[in-house]
Amino acid sequence: MPLVMIGLTYLRIVKASTWRNYWRWGVLVSFIIAWIISPGTTGGVMETIIGLSLSSLYFLGMGISFLLEKKRKS
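Once a new chain begins, its residue numbering starts again from 1 and follows that chain's sequence as written. Two thresholds apply to this predicted model, a pLDDT of at least 70 for residue-level local features and 80 or more for giving and counting side-chain atom pairs, whereas whole-chain, interface and lining totals are computed over all residues. Side-chain measures here rest on the full set of heavy atoms in the structure, leaving out hydrogens and waters.

- The chain carries the name Twin-arginine translocation protein TatC in an unreviewed UniProt entry, which gives Saccharolobus shibatae as its organism.
- UniProt positions are given in the numbering used here, feature names are shortened, and annotations may be inferred rather than shown by experiment. The Subcellular location (unreviewed entry) comment attached to the chain in UniProt states, word for word, "Membrane".

This is how it looks when you write it as structure tokens:
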């Protein structure tokens, strides 16, 4: 996920501020993906771990996108 986000920011298709504005959707989609790909009988533990991992990757991609835009401006 961070590679796609960084690539879209590098190609100037999506601004880093857009990633920040839509972070709630990124977290929601992360947990939906976690719910879909996890095994069903874990009691929610695996879904939470996978969702938090994907959400942290989203925030990592957002941070690197901001650094990329900052570097490009200078």
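1. Details of a nonpolar patch on the surface
- Patch members must show over 30% relative accessible area and no salt bridge, and they are joined within 9 Å when carrying like charges or within 5 Å when they are nonpolar side chains of Val, Leu, Ile, Met, Phe, Trp or Tyr. The Shrake-Rupley method, run with a 1.4 Å probe, gives the accessible areas here. Residue values count only the displayed protein chains as cover. The term salt bridge refers to a side-chain nitrogen of Lys or Arg lying within 4 Å of a carboxyl oxygen of Asp or Glu. A cluster of nonpolar side chains, contributed by Tyr-22, Trp-25, Leu-28, Val-29, Ile-32, Ile-33, Trp-35, Ile-36 and Ile-37, occupies part of the molecular surface with about 1,000 Å² of accessible area.
- With respect to the element layout, Trp-25 can be found in helix H3 (residues 23-37). Put simply, DSSP marks the helices as runs of H or I at least four residues long and the strands as runs of E at least two long, and each gets a number from the N terminus on.

2. Some points on the environment of Val-29
- Within the element layout of this structure, Val-29 appears in helix H3.
- Spatially, the C-alpha atom of Val-29 lies 8.8 Å from that of Ser-55, the residues being 26 residues apart in sequence.

3. Focus: H3
- Helix span, as expected, comes to 1.5 Å for every residue beyond the first. Between its terminal C-alpha atoms H3 stretches 21 Å, which fits the 21 Å expected from 15 residues at 1.5 Å a residue.
- When we look at burial in H3, the residues that qualify are Gly-26, Val-27, Ser-30 and Ala-34. Seen along its axis, H3 keeps its buried residues to an arc of 95°; they face one direction. Opposite its buried face, H3 presents the exposed residues Arg-24, Trp-25, Trp-35 and Ile-36, each directed more than 90 degrees away.
- We call two residues in contact whenever any of their non-hydrogen atoms come within 4.5 Å of each other. Of the surrounding elements, those touching the buried residues of H3 are helix H4 (45-73). Remark: exposure states derive from per-residue accessible area (1.4 Å probe, protein chains only) relative to the maximum for the residue type, with buried under 20%, exposed over 50%, and partly exposed in between. This arc is taken over the directions from the axis of the helix to the C-beta atoms.

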